[in-house]
Amino acid sequence: MHGSRTSSVLKAGQARSMVKLVVTLVDGVVLPDNIFAHTIDYGTVSVAGPAHLIDHRVAKARAIGRLSSAVLPGRYQAVRVPDAKELRQTSLIPVSIEQA
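This is a predicted model, so every value here is computed, not measured. (Residues numbered from 1 in each chain as written. Predicted model: local features only at pLDDT ≥ 70, side-chain atom pairs only at ≥ 80, totals over all residues. Heavy atoms only, no water.)

(A) Spatial organisation of helix H2 (residues 57-71). For H2, which comprises 15 residues, the first-to-last C-alpha distance of 21 Å matches the rise-based estimate of 21 Å (1.5 Å per residue) to within 8%. All buried positions along H2 are accounted for by Lys60, Ala61, Ala63, Ile64 and Gly65. Those residues of H2 that are buried are in contact with helix H3 (75-78), helix H4 (84-89) and strand E4 (90-92). (Helix = DSSP H or I, 4+ residues; strand = E, 2+ residues; numbered from the N terminus. Expected span 1.5 Å × (residues − 1). Buried < 20%, exposed > 50% of the residue type's maximum accessible area, 1.4 Å probe, protein only. Contact = heavy atoms within 4.5 Å.)

(B) Layout of the confidence of the model for the protein. Overall, the prediction assigns the protein a mean pLDDT of 87, with 89% of residues at 70 or greater. Mean pLDDT values for the elements of the protein range from 67 in helix H1 (residues 8-13) up to 94 in strand E3 (residues 39-50). (pLDDT = per-residue confidence, 0-100.)

(C) Local environment of the environment of Gln99. Residue position: Gln99 is located in the segment after E4. Exposure remark for Gln99: the relative accessible area of 54% places this residue in the exposed category. Beyond its immediate chain neighbours, meaning those up to four positions away, Gln99 contacts Ser46, Val47 and Ala48.

(D) Representation of the nonpolar core within the structure. Counting six residues, the largest nonpolar core consists of Ile54, Ala61, Ala63, Ile64, Leu87 and Leu92. For this core, the element with the highest residue contribution is H2, accounting for three residues. In contact with Ala63, other than residues within four places in its own chain, are Ile54 and Leu92. (Core = buried A, V, L, I, M, F, W, Y, C linked by side-chain atoms within 4.5 Å.)

(E) The arrangement of a nonpolar patch on the surface in detail. A cluster of nonpolar side chains, Val26, Val29, Leu31, Ile40 and Tyr42, forms an exposed patch at the surface whose accessible area comes to about 530 Å². Among the elements of the structure, strand E2 (18-30) and E3 are those that each provide at least two residues to the nonpolar patch. Structurally, Leu31 can be placed in the loop between E2 and E3. The exposure class of Leu31 is exposed, given its relative accessible area of 61%. (Patch = residues over 30% accessible without salt bridge, like charges linked within 9 Å, V, L, I, M, F, W, Y side chains within 5 Å. Areas by Shrake-Rupley, 256 points an atom, 1.4 Å probe, with all protein chains shown as cover. Salt bridge = Lys/Arg side-chain N within 4 Å of Asp/Glu carboxyl O.)

See the structure below:
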């Protein structure tokens with residue numbers, strides 16, 4: 001998980017607690033000419049496991065790079081390096097998947 005340090009969800013995950021995440025991936029939106037027939041194609045997964053906070057600046061920057069590259073390969077290398085303020089404002093909490 002990643003996001004603002006002020007997020008209550010991310011604060012809860014910082015205490016090395018067990019967390020449960022539900023993730024939805026939208027594959028596409030179907031927009032036929034009938035307004036009542038619109039649909040969204042998606043997949044959902046629910047996972048649970050222990051979470052811990054990555055707080056070391058270098059480790060956090062590396063993890064954000066891996067996360068960004070998994071979503072859009074090569075993007076992290078194409079943008080500027082996050083500055084110290086951005087890294088301080090961002091929480092990064094990996095979850096070890098024990099149940100899915």
